[in-house]
Amino acid sequence: MNIVLHFRPSSILLWLILALPVQAASLPETFTAALREAGIPIEAVAVVIQPVEAPQPILTHQSLRAMNPASVMKLVTSLSALEQLGPTYTWKTDLWADGEINHRVLTGDLIIKGYGDPTLTLERMWLLQRELRARGINEIHGKLILDTHYFELPTLDPSRLDADPLAIYNAIPNALLANYNATTLKLNVVDNVAVVTSELPFPELKLTAHLALEEGECGEWKDRLRVIPKAIAPEAIAPQEVVFEGRYARSCGEKQLSLNLLDAVQTFDYTFRAMWQESGGRLTGNTQLGTAPINTPPLISFPSIPLAEALRNLNKYSNNLMARNLFLTLGATLSGAPGTLEKSRHAIETWLAGKQIAAPELVLENGAGLSRIERISATTLSRVLLTGYHSPYFAEFESALPIVGVDGTLRRRFTDSVFAGRAHLKTGTLKDARALAGYVLTRAGKRVVFVMLVNHTNADRAGLAQRALLEWTYAYSPTSAGSRRSKP
């Protein structure tokens, strides 16, 4: 995959500023001590703390340095989408009946075109099929034609980030998605044998368990498994068998495992067919990729949930696939189909420029932060958050972020802290990168923008330093503290 970096003319001056020596004397001692304890050098950290009504930050450190933000990059994609598409924006999935409908039988093909809806869960797939039955179709005597042309992507490798292609967070975006491209499998012990079954009946998929049962605690049961997809037919492009090897504790009982097992078209095909059959429907033909009619109105145009609602799942649970589909949706909607990565980068860069946010350091790959090359500075992130605060959609934006100690990716973090329940923060986690960014409501009742980025091999030990800086931010009072900025 070729990545082109674009720099604005002002970037030369910025990089000269970045070359200045870092001075961290004004950083809170509790914060710097926690970094030292974690073995994280101060040069590996960037910070901006700024009250939303203040003209300048009260604390900065290396704020212009280009850093890998991990999933905190979702803040940029989310706010850009909220402002450019609107909180009520909905995706659609269109269906055509290419044939005659008589006595609840479609003699012909069913055509489905996707427009990037990342919210088509099993529950919503059931609603879509219910709409189809309401149009008088119980049986389809023809093929299933799937149109995915709304997005145009290069070949993307799900193992590129961390060599774990089955991880659900590595699922590849697509214009037609079902249930976050997850294949959910169930493990259990039946008659003293470990068995694996599928949540939905996928007759095309053979599940084989070669698992040795063991006593003892269940513990980290996933770590004792090896999942091996196999193509039975040499010409097959998808696995027809999944073999489970390793050990499984009897005490585990029934467990669920969601995998990025198939490509998006196969997952949609299998899911649609399994649910259609479960509800009593029939579909006799095979599945093909194709093109939807251009000038014929669809039989059904099925809308997604509104964007504002979708952002809650996207950010609270850091859903990479949703973010990547939203990123592509920006390009397709604002520059015309097909959506491409380049159109999406342009959409966000144009929005930032319109907000007078200069970001010469910005590198966008997929808008989700699931990347080794994406870069942004703490200053740019803080300005995005300040823009969010002054946006007419601030309530929707902030409410989509995890609440410290309450929900989402922060449900179990800092639960005993003084700021628990008083901060909406997006988390970011990659190997060698940890990030927190969002809004903190201080003890004095003032809302403050908080950005902390760490890029270092010991980044996974940054938790105590994050806590120390959040405690300092929570205790901040404009009457008792002045500007405490270090050099950018």
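Please refer to the structure higher up on the page.
Residues numbered from 1 in each chain as written. Predicted model: local features only at pLDDT ≥ 70, side-chain atom pairs only at ≥ 80, totals over all residues. Heavy atoms only, no water.

1. Things to note about the nonpolar core
L307, L326, L352, L385, Y439, V451 and L453 are the most contacted members of the largest nonpolar core, which totals 56 residues. When residues in this core are grouped by element, the largest group, 7 residues, is from helix α7 (residues 320-335). Once you skip the residues sitting within four places of it in the chain, L352 turns out to touch I357, A359, L362 and V384. Counting 45 residues, the second largest nonpolar core, distinct from the first, contains L187, L205, F244 and W276. (Core = buried A, V, L, I, M, F, W, Y, C linked by side-chain atoms within 4.5 Å. Buried < 20%, exposed > 50% of the residue type's maximum accessible area, 1.4 Å probe, protein only. Helix = DSSP H or I, 4+ residues; strand = E, 2+ residues; numbered from the N terminus. Contact = heavy atoms within 4.5 Å.)

2. Brief notes about the state of the cysteines
Evaluation of the coordinates by the stated rule reveals 1 disulfide. A sulfur-sulfur separation of 2.0 Å characterises the disulfide bridge that pairs C218 with C252. Across the S-S bond of C218 and C252 the torsion is about 105°, and the bridge reads as right-handed. In this pair, C218 is assigned in the loop between β9 (206-214) and β10 (225-230) and C252 in the loop between β11 (241-249) and β12 (255-259), connecting sequence segments 34 residues apart. Considered together, C218 and C252 belong to a single accessibility category, that of buried residues. (Disulfide = S-S within 2.5 Å.)

3. Description of unusual backbone geometry
Going from A337 to P338, the amide bond is cis rather than trans, its omega being 0°. Note that P338 resides in the loop between α7 and α8 (341-354). Backbone geometry places H103, a non-glycine residue, at a positive phi of 55°. Positive phi, normally seen in glycine, also occurs at N181, with a value near 60°. Assignment of secondary structure puts N181 in the loop between β6 (144-147) and β7 (183-190).

4. Re the packing of aromatic side chains
Under the criterion given, the structure shown has 12 aromatic pairs. Taken together, a centroid distance of 5.1 Å and an interplanar angle of 75° make the contact between Y389 and F394 edge-to-face. By relative accessible area, F394 is classed as buried at 13%. On the basis of an interplanar angle of 85° and a centroid distance of 6.4 Å, the ring pair of F397 and Y439 is categorised as edge-to-face. Taken together, the residues span a long stretch of sequence, with F397 in helix α10 (residues 394-399) and Y439 in strand β17 (residues 433-441) at a distance of 42 residues. Cluster of aromatic residues (ring-pair linked, three or more members): Y389, F394, F397 and Y439. Its guanidinium or amino end placed over the ring of Y115, K92 lies 4.6 Å from that ring's centre, counting from NZ or CZ. (Phe/Tyr/Trp six-rings, centres within 6.5 Å; stacked < 30°, edge-to-face > 60°. Lys NZ or Arg CZ within 6 Å of the ring centre and 35° of its normal.)

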